[in-house]
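Breakdown of the fold
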Amino acid sequence: MKAWRLAKYNEDVTAAIDSMTCEEIPVPEPQEGTVLIKNAYCSVNPIDWKLFSGGFDGFFPIKNFPYTPGFDIAGVVEKVGDGVADFAVGDRIIADLGLVETCVDPPLPQGAAGAFSEYSIAPSTICAKVGDADFETVVGVSLAGLTAYQGLFTGSHNQDLGKCKSGDKVLILGGAGGVGSIAIQLAADAGCYVTTTASPAKFDFVKGLGAKEVINYHEQDWGEVLAGQDYDLIYDSIGLMDDLNVHAPKVLKKGGKFVSIANFDPSAKGTDDVLFQLFLLHSKKPDLEKLVQMIKDGKLKIANDKIYSFDETQAALKQSMGGRSTGKVLIKL
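Report on the accompanying structure. (Residues numbered from 1 in each chain as written. Predicted model: local features only at pLDDT ≥ 70, side-chain atom pairs only at ≥ 80, totals over all residues. Heavy atoms only, no water.)

**Let's talk about the packing of helix H5 (residues 142–154) against helix H6 (residues 178–189)**
Between two packed helices, both the angle of their axes relative to each other and the distance between the axes serve to describe the pair. What counts, and what does not: With axes taken as lines fitted to C-alpha atoms, and helix axes fitted only over the stretch in contact, angles between N-to-C directions fall between 0 and 180 degrees. Counting from the N terminus, the helices are the DSSP runs of H or I reaching at least four residues and the strands are the DSSP runs of E reaching at least two. Note on angle classes: values under 35 degrees are labelled roughly parallel, values over 145 roughly antiparallel, values of 65 to 115 roughly perpendicular, and the remainder oblique. By convention, the crossing between two helices is left-handed when the near helix turns anticlockwise from the far helix through less than a right angle, and right-handed when the turn is clockwise. The criterion used for residue contact is that any of the two residues' heavy atoms lie within 4.5 Å. Put simply, Ala, Val, Leu, Ile, Met, Phe, Trp, Tyr, Cys and Pro go in the nonpolar bin, Asp, Glu, Lys and Arg in the charged bin, and everything else, Gly too, in the polar bin.
Look at H5 against H6: their axes get within 8 Å of each other, and the N-to-C directions meet at 45°. Judged by the inter-axis angle, H5 sits oblique to H6. Seen along the crossing, H5 lies across H6 with a hand that is right-handed. Here Ala144, Gly145, Thr147, Ala148, Tyr149, Leu152 and Phe153 of H5 come into contact with H6, specifically with Gly178, Val179, Ile182, Ala183, Leu186 and Ala187. Partitioning the contact of H5 with H6 into residue classes produces ten nonpolar, three polar and no charged.

As structure tokens, then:
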């Protein structure tokens, strides 16, 4: 099978992307509890290329170079391993292969990540059937959707997170991105009052998702605009220290939550007034099934910015690096 491979870490991430090669490697065999998926689409997430520098090796190590990057897949079950009873050959599924689940030491038999290839291995416990839904409408929901859903409502890995409820005031930093655009919809559907930050060109987009207020981050300081308004939760997909230390205390109610998916600074911490939590999702079949059903019911739409061919995987990663996509960047096999 064809698979995109990275041979080693490189602090210059652009150079790392340029160094990737598309290679012929053996099709893996599913082990007990796993399935082999023939991929139809992949979805790009920022963590895909952020791993390339090696800066996250202490958190999410890559121990099996060369490795195949990527986490989001959509495709058809080709084979099932022993002990798999809930999936059969021919099932159409999606999965987030899992950052904390696959980037481990010692490495898993199938290695870390593994989406940017013609076939992938996934535990059946993280896959969700999609029925006759178009793959391109659902492939982008796995990592980004689970990140939004768990961060806002349920938490993961025993983290006490969001617990958003109707009437809560929620600020989403970076509302036009892959995670932010889903978080707006989920919070609005739950009855929350949603404010977000975006560039003027994306105001209509985020308002269409359910945001009641939009702040132009190019010209406005959201900490000043929303000062004293006692927000219940800030959901951060940007990762700036000033957002946590300077702006959030002005906006959150006492004891309000600042949930970040992007601030890995070791000095980031909460106070008596601001509860800080760095959030890492847990790939869970029930949560993913819920998101798929919301898409089918018309309650959630995954916006796609651009679809690249498999040969253009490097270009897809570079677009994600630019940070200006409206929604998801996809790869079609």
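**Notes on the sheet that holds strand E9 (residues 193–198)**
In any sheet, the strands associate via hydrogen bonds between backbone groups, in a parallel or an antiparallel arrangement. Quick note on the threshold: Paired strands, in this sense, are two strands between which DSSP finds at least two bridges.
One open sheet holds the six strands; their spatial order is E10-E9-E8-E11-E12-E13, and the pairing between them is parallel. Because the sheet does not close on itself, it has two edges, and the strands there are strand E10 (213–216) and strand E13 (274–278). Within the sheet, the average angular offset between the axes of one strand and its neighbour, ignoring direction, is 15°. Direction of pairing for strand E11 (residues 231–236) relative to strand E12 (residues 252–260): parallel, over a ladder of five bridges. Across the sheet, the residue bridging to leucine 233 is lysine 257, located in E12. Of the strands in this sheet, strand E8 (169–173), E9 and E11 are in contact with H6, which crosses E9 at around 165°. Helix H9 (residues 241–251) rests against E8, E11, E12 and E13 of the sheet, and its axis sits at about 140° to E12.

**With respect to the pairing of strand E3 (residues 34–44)**
Basically, it comes down to this: Residue burial is assigned from relative accessible area. The probe radius is 1.4 Å, only protein chains are included, and a residue is buried under 20% of its type maximum, exposed over 50%, and partly exposed in between.
Burial of E3 is extensive: nine of the eleven residues sit out of reach of the surface. Judged from the five bridges that link them, E3 and strand E6 (residues 119–123) form a sheet pairing that is antiparallel. Bridge pairing in E6 places lysine 38 opposite tyrosine 119. Across eight bridges, E3 lies against strand E4 (residues 72–80) in antiparallel orientation. Each bridged residue has a counterpart across the sheet, and for isoleucine 37 the counterpart in E4 is valine 77.

**Remarks on the side chain of lysine 202**
Stated precisely, the cut-off is as follows: Neither His nor the chain ends is counted toward charge; the positive residues are Lys and Arg and the negative residues Asp and Glu. Put simply, a salt bridge is a Lys or Arg side-chain nitrogen that is within 4 Å of an Asp or Glu carboxyl oxygen. Nitrogen and oxygen atoms within 3.5 Å of one another constitute a polar contact, given that in protein one can donate a hydrogen and the other can accept it, and given that sequence-neighbouring residues count only through two side-chain atoms.
Positionally, lysine 202 belongs in the loop between E9 and helix H7 (203–209). Put simply, lysine 202 is tucked away with no salt bridge, and the nearest opposite charge, on aspartate 305, sits 6.1 Å away. For lysine 202, the side chain forms a polar contact with the main-chain oxygen of arginine 324, separated by 2.7 Å. Not counting the four nearest positions on each side in its chain, lysine 202 is found in contact with Ala176, Arg324, Ser325 and Thr326.

**Description of the environment of leucine 244**
Turning to its location among the elements, leucine 244 is positioned in helix H9. Linking leucine 244 and valine 194, residues 50 residues apart in sequence, is a C-alpha distance of 19 Å. When sequence neighbours within four positions are dropped, the list of residues in contact with leucine 244 reads Pro249, Phe258, Asn263, Ala268, Lys269, Val274 and Phe276.

**Details of H9**
Each turn of an α-helix holds 3.6 residues, which means side chains three or four residues apart point in the same direction. Note the following rule: Throughout, the arc means that of the directions going from the helix axis to the C-beta atoms.
Taken residue by residue, H9 has Asp243, Leu244, His247, Ala248 and Val251 as its buried positions. Buried residues in H9, looked at end-on, bunch into an arc of 130°, giving them a common side. On its buried side, H9 packs onto E8, helix H8 (222–225), E11, E12 and E13.

**Points about the environment of alanine 7**
Counting through the fold element by element, alanine 7 comes out in the loop between strand E1 (2–5) and helix H1 (13–19). Relative accessible area serves as the criterion here: at 54%, alanine 7 is assigned to the exposed category. Between the C-alpha atom of alanine 7 and that of phenylalanine 52, which follows or precedes it by 45 residues, the distance is 9.8 Å. Contacts of alanine 7, omitting those with residues within four sequence positions, involve Phe65 and Pro66.

**Regarding the packing of aromatic side chains**
Applicable threshold: Centres within 6.5 Å make a pair out of two Phe, Tyr or Trp rings, where for Trp the six-membered ring is used; the pair is then stacked when the planes are under 30 degrees apart, edge-to-face when over 60, and tilted otherwise. We call a charge positioned over a ring when the NZ of a Lys or the CZ of an Arg lies within 6 Å of the ring centre and within 35 degrees of the ring normal.
All told, the structure shown has eleven aromatic pairs when counted by the stated rule. Between phenylalanine 60 and phenylalanine 264 the ring centres are 6.2 Å apart and the planes differ by 90°, which places this aromatic pair in the edge-to-face class. One end of the pair, phenylalanine 60, is in the loop between helix H2 (46–50) and E4; the other, phenylalanine 264, is in the loop between E12 and E13, with 204 residues separating them in the sequence. Residue classification places phenylalanine 60 among the buried positions, given a relative accessible area of 2%. Put simply, the rings of Phe56, Phe59, Phe60 and Phe264 pair up and form one aromatic cluster. Positioned above the aromatic ring of phenylalanine 135 is the side chain of arginine 92, whose terminal nitrogen or guanidinium carbon lies 4.0 Å from the ring centre.

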